[in-house]
Protein chains: 2
Amino acid sequence: MELPERQGRMTTSSRIYDILRQDLVNGRFEAGEKVAISALRERYDVGLSPLREALNRLAAYGLLIQENQRGFRVPRLERRELEDVASLRRELEGMALERAILLGDAEWESELLAAAHRLKRADMAGRGEEWERLHVRFHRTLVAPCGSIWLLRFIEQLHDQFDRYRRLAPEAPEVRRVLDAQHDELVRLALERDGGAARQLMDDHIHRSYEVALCGIKA
Amino acid sequence: MELPERQGRMTTSSRIYDILRQDLVNGRFEAGEKVAISALRERYDVGLSPLREALNRLAAYGLLIQENQRGFRVPRLERRELEDVASLRRELEGMALERAILLGDAEWESELLAAAHRLKRADMAGRGEEWERLHVRFHRTLVAPCGSIWLLRFIEQLHDQFDRYRRLAPEAPEVRRVLDAQHDELVRLALERDGGAARQLMDDHIHRSYEVALCGIKA
DNA sequence: CTAGCCCCAATAATCGATTATTCGATAGTC
DNA sequence: GACTATCGAATAATCGATTATTGGGGCTAG
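Criteria and thresholds
Residues numbered from 1 in each chain as written. Chains lettered and ligands numbered in written order. Predicted model: local features only at pLDDT ≥ 70, side-chain atom pairs only at ≥ 80, totals over all residues. Heavy atoms only, no water. Helix = DSSP H or I, 4+ residues; strand = E, 2+ residues; numbered from the N terminus. Contact = heavy atoms within 4.5 Å. Expected span 1.5 Å × (residues − 1). Buried < 20%, exposed > 50% of the residue type's maximum accessible area, 1.4 Å probe, protein only. Domains from an automatic or database assignment. Buried area = accessible area lost by both parts, 1.4 Å probe. Salt bridge = Lys/Arg side-chain N within 4 Å of Asp/Glu carboxyl O. Near = heavy atom within 4 Å. Polar contact = N/O pair within 3.5 Å; in protein donor to acceptor, adjacent residues only side chain to side chain. Least-squares fit on C-alpha atoms with pLDDT ≥ 70 in both. Nonpolar A, V, L, I, M, F, W, Y, C, P; charged D, E, K, R; others polar.

(A) Region of interest: the environment of Leu168 of chain A. Residue and element names in this part refer to chain A. You can see Leu168 is positioned in the loop between α7 (149-166) and α8 (173-191). Remark: the alpha-carbon pair of Leu168 and Lys218, spanning 50 residues in sequence, is separated by 9.7 Å. Setting aside anything within four residues of it in sequence, one finds Leu168 in contact with Leu77 and Gly216.

So this is what it looks like as structure tokens:
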């Protein structure tokens, strides 16, 4: 069995990029805050060059805002933008799911079941970082065989944006239970190859999730 | 009248980013080629730090591929990817155009007419860099009031990817005439607020353009 | 008072030099 | 003869120091 070997040894720049991306999505930085580069330098114990390269990448990715001669800022959280992101997620993930259901093979079915199962088990163990990781992975697995690299790329980007809002929202156990049930339902519909119904369900899933996330704004 | 003032004085990093982006889209680099950083340093007469920052941004944007410890490469041109990009462009620009037609105001109508007119005039003067610039601008104006920042962002990104292919394709005057006529037709349908027909036409427009671009592959 | 200006501390951007890694050529081994 | 190990030049990544720009506080003139 050969290991995928990640991708060569990691460079400092890439390491700090991954860390910052996680931290930004998890809301470890105040929205709207100016990024104090030298503070980050200490906090993560890295040099200026790799740090600035990571910040540049994050700005191009949309998790930071870069202003010439004025450094970097964390984007504000605006109701208007959450609507935008959620609306696009519905369009794009719906589209991707339909295509995935057309194109996905038997191996995909297996991975889907596995991902859903792992997610449910992490749920029992208490919703934490592990659950978040597996949740992202589940949604990624759902749309993975859609056949479009660019669609997957955009979906991932929107997912990160969306999660900035969602992770700040207060717990909503009743809605959460519905959302969790929908995960299983999505798997069922995918296995049955019912693209139309799956798309509709995904649409509803994201919409409910959006309503939860809304509660986190200005809180 | 106040000038928009671009955005503060440009930083070396941003300048070189803009230049490289143009050059990459225009095919001034061999597809698949490894980017020789020190060669670029001389060619554009810039320092290493701003250059690397620009390259990092371009990689995050999708116009370069970054491999840890192995620098940057220009992405290959693959039929498979052109299909992907074109197909997504049709979906997203169609969606954006429909929304723009719902939301666009009178000022938009004026700018649309102006953009179309400028484009036609540049056409007479011979299709060159200026025409390319105005063509991008026309398409951007069409979808501008769609109301979604992220949709516009993705569309621009796909446009850049698409143009990498299109600009390598040989001239196709007959198709070109049809495509030009479609520009005016798009304006007409937009002014008439016929979202459905406009979307359909945009779909056809991109598809024909795709067929032209196809001829440029492996040429 | 207040608008405008100037200066200085903070910090963003860039440079030049250094360190780490890769890639290809060559030599050695089975 | 094919495979692996090793070495060195080429080049990617990073560091430390320098330069340029901003933003705010106090001063001055109206």
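(B) Representation of helix α6 (residues 129-143) of chain A in the model. Residues and elements named next belong to chain A. Between its first and last C-alpha atoms α6 spans 22 Å; for 15 residues at 1.5 Å apiece the expected length is 21 Å, and the two agree. Regarding α6, the residues found buried are Trp131, Glu132, Leu134, His135, Phe138, His139, Thr141, Leu142 and Val143. Its buried side turned inward, α6 meets α4 (79-103), α5 (106-124), α7, α8 and α9 (195-214).

(C) Highlighting the domain arrangement of chain A. Residues and elements named next belong to chain A. Per the domain assignment, the segments making up chain A are domain 1 (12-73) and domain 2 (79-214). Once you take the C-alpha centre of each, domain 1 and domain 2 turn out to be 27 Å apart. Listed by partner, the interface residues are 10 residues for domain 1 and eight residues for domain 2. In total, about 860 Å² of surface goes out of reach between domain 1 and domain 2, with carbon and sulfur atoms giving 40% of it. Area buried by domain 1 at its contact with domain 2 is led by Val25, Asn26 and Tyr61, which between them contribute 55% of it. Joining domain 1 to domain 2, the criterion identifies two salt bridges. For the salt bridge of Glu156 with Arg21, the shortest nitrogen-to-oxygen distance reads 2.8 Å.

(D) Expanded view of the protein's contact with DNA strand C. Residues in contact with DNA strand C amount to 17 residues; listed here are only the nearest, Lys34 and Arg52 of chain A together with Thr11, Thr12 and Ser49 of chain B. Restricting the count to atoms of DNA strand C within 4 Å of the protein gives a sugar and phosphate share of 85%. One of the side-chain nitrogen or oxygen atoms of Arg52 of chain A is found 2.7 Å away from a phosphate oxygen of DNA strand C. One of the backbone N or O atoms of Gly47 of chain B is found 3.1 Å from a phosphate oxygen in DNA strand C. Listed by contribution, the elements that provide at least two residues to the surface near DNA strand C are α1 (12-25) and α3 (48-61) of chain B.

(E) Local environment of the relation of the copies chain A and chain B. Rotating chain A by 180° about the axis while translating it 0.0 Å along that axis superimposes it on chain B, leaving an RMSD of 0.0 Å. A rotation of that kind, with that shift, is consistent with a two-fold axis. Looking at chain A, 100% of its interface residues are interface residues in chain B too, so the copies touch through the same face.

(F) Highlighting the protein's contact with DNA strand D. Inspection of the region around DNA strand D gives 15 residues, with Thr11, Thr12 and Ser49 of chain A together with Lys34 and Arg52 of chain B positioned closest. Each atom of DNA strand D within 4 Å of the protein was classed as base or backbone; sugar and phosphate made up 86%. One nitrogen or oxygen atom from the side chain of Ser49 of chain A is found 3.1 Å from a base nitrogen belonging to DNA strand D. Within the side chain of Arg52 of chain B, one N or O atom sits 2.6 Å away from a phosphate oxygen of DNA strand D. Elements supplying a minimum of two residues to the surface near DNA strand D: α1 (12-25) and α3 (48-61) of chain A. The class makeup of the residues in the surface near DNA strand D is two nonpolar, eight polar and five charged.

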